[in-house]
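# A closer look at the structure
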Amino acid sequence: MTLKLGLIGHPISHSLSPWIHAKFIDLAGLNGEYKLYEGNPNQLPDVLTQLKQNKIDGFNVTIPYKQVVLDYLDELDSDAEILGAVNTVVNQHGKWKGYSTDGEGYVRSIIESFPSLLNKDTSVLILGAGGAARGIYRALVQKRLKRVDIANRTLDKAKELLPLGKDFTPSEVLTFHTAEKNLSQYDLIVQTTSVGMKPKVQEQIIQLDNIRKDTVVSDIVYQPIMTKILQDAKVHGARIHHGHAMLLYQGQLAFEKWTGKKLDVSHLVDELEDKLRG
Ligand code: ATR
């Protein structure tokens with residue numbers, strides 16, 4: 001049997017997911033394919049009809065369809081429902097069920113690199129409050145940490161995240177200025193905005209002068225691999241965590257949902273880094 005997987009989004013021609021899932025299919029010892037189903041918003045209904053007719057086993061969803069795809073699903077995982085976004089769809093006997101694996105994939109990538117970092121004494125600062133930050137915030141607060149604060153240019157947007165975390169971990173919304181002043185209180189700083197992404201590689205969202213050396217600075221941007229904020233973190237003697245690891249682990253989680261197989265993918269982190277460095 002051939003496992004039929006794929007990705008919908010626009011544009012997706014440079015996606016790394018086909019490379020990642022080809023590796024996973026090999027590792028799992030399966031026969032399968034992971035195809036790109038590119039389509040603009042007008043073409044989306046036809047693309048999804050094609051996937052239904054092809055009896056696709058599962059697919060990933062990326063920008064700009066993570067919200068709109070909800071209209072085409074039969075069922076939603078509870079976290080995806082709370083987040084209002086889906087990046088993974090599983091075909092369960094003809095019914096499509098949507099999941100969000102970005103946040104948990106991020107948390108897995110951190111635990112893989114820093115196994116004891118996330119615990120009841122850990123304070124985290126998230127920079128940004130967009131779609132990526134929502135998933136990461138939701139997954140981090142569920143680890144019941146000491147606190148998970150959010151700094152964002154638009155404070156109202158950051159406040160919208162807080163209901164996702166109530167009942168789990170205390171959180172506050174901060175300006176970048178306040179975050180910079182209080183930086184020494186954080187064990188993990190997660191950069192989730194597009195600032196620093198190619199081609200704007202010289203941009204950095206906050207200054208790290210007050211950072212502690214044992215703090216981990218994590219950037220979900222992976223192009224370039226070494227963003228400005230990660231370079232700066234190194235200069236300050238702090239530890240760093242690259243963005244491509246999240247990509248790999250959200251994929252690991254998606255693959256697990258499609259096949260029931262939890263693969264050891266740790267060796268692929270360096271391979272993916274080499275690929276990105278070209
Ligand atoms: P994504 O879904 O990839 O997270 P998004 O929803 O567009 O993208 O969110 C972008 C995030 O990057 C937001 O937190 C945004 O800040 P605002 O809420 O104030 O718009 C942040 N962002 C983008 N460009 C920025 C910049 N030049 N300076 C500061 N923050 C920026």
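Looking at an unreviewed UniProt entry, one finds the protein named Shikimate dehydrogenase (NADP(+)) and attributed to Gracilibacillus dipsosauri. Taken from UniProt, the Sequence similarities (unreviewed entry) comment for the protein reads in full: "Belongs to the shikimate dehydrogenase family." Per UniProt, the comment on the protein under Catalytic activity (unreviewed entry) is "shikimate + NADP(+) = 3-dehydroshikimate + NADPH + H(+)".

This part covers the sheet that holds strand β7 (residues 123-127). Judged by pairing direction, the sheet is parallel, and its six strands sit side by side in the order β9-β8-β7-β10-β11-β12 without closing on themselves. Each edge of the sheet is formed by a strand with only one pairing partner; in this case those strands are β9 (173-174) and β12 (239-241). Each of β10 (188-191), β11 (216-219) and β12 touches helix α8 (residues 228-235); the most contacted strand, β11, lies at about 165° to it.

The strand order across the open sheet formed by six strands is β2-β1-β3-β5-β6-β4, and the pairing between neighbours is mixed. Strands with a single pairing partner mark the edges of an open sheet, and in this sheet they are β2 (31-38) and β4 (75-76). Strand contacts of helix α1 (residues 17-27): β1 (2-9), β2 and β3 (58-61), with the helix running at about 165° to β2, the strand carrying the most contacts.

This next bit is on the domain arrangement of the protein. One frequently used descriptor of interface size is the decrease in accessible area upon assembly of the parts. Each assigned domain of the protein is listed here: domain 1 (2-99 + 245-277) and domain 2 (103-242). Centre-to-centre separation of domain 1 and domain 2, based on C-alpha positions: 25 Å. With 17 residues of domain 1 in contact, the opposing surface of domain 2 contributes 18 residues. Contributions of two or more residues to the side of domain 1 that touches domain 2 are made by α3 (78-83), α9 (244-259) and α10 (267-277). Here the side of domain 1 that touches domain 2 gets eight residues from one element, more than from any other, and that element is α9. Its residues placed into classes, the side of domain 1 that touches domain 2 shows ten nonpolar, three polar and four charged.

Close to the ligand lie 15 residues, the nearest being G130, G131, R153, T154 and T193. Among the elements that take part in the shell around the ligand, helix α5 (residues 131-141) stands out by supplying three residues, more than any other. Grouping the amino acids of the shell around the ligand by side-chain chemistry returns five nonpolar, eight polar and two charged.

Across eight bridges, β1 lies against β2 in parallel orientation. Paired with L7 across the two strands is L36, which belongs to β2. You can see the chain leave β1, run along α1 and come back into β2, and the turn it takes is right-handed. Where β1 meets β3, four bridges bridge the pair, whose relative direction is parallel. Of the residues in β3, the one forming a bridge with L7 is N60.

The rules behind each value
Along each chain, the written sequence defines residue order, and numbers are assigned to residues from 1. This being a predicted model, a pLDDT of at least 70 is required before a residue's local features are given, and a value of 80 or more before pairs of side-chain atoms are given or counted; all residues contribute to the totals for chains, interfaces and linings. UniProt positions are given in the numbering used here, feature names are shortened, and annotations may be inferred rather than shown by experiment. The criterion for strand pairing is that DSSP finds at least two bridges linking the strands in question. Strands here mean DSSP runs of E at least two residues long; helices mean DSSP runs of H or I at least four residues long; both are numbered from the N terminus. Contact between residues is assigned whenever the C-beta positions, reconstructed from backbone atoms, fall within 7 Å. To obtain each axis, a line is fitted to C-alpha atoms, and for helices this fit is confined to the stretch in contact; angles are then taken between N-to-C directions over 0 to 180 degrees. Domain limits in this description derive from either an automatic procedure or a database domain assignment. Each residue receives one of three labels: charged for Asp, Glu, Lys and Arg, nonpolar for Ala, Val, Leu, Ile, Met, Phe, Trp, Tyr, Cys and Pro, and polar for the others, Gly being one of them. For each residue, a C-beta atom is positioned from the backbone; the residue is called near a molecule or strand if that atom sits within 6 Å of it. A clockwise course of the path from the first strand over the helix to the second, judged with the strands pointing away from the viewer, identifies a crossover as right-handed.

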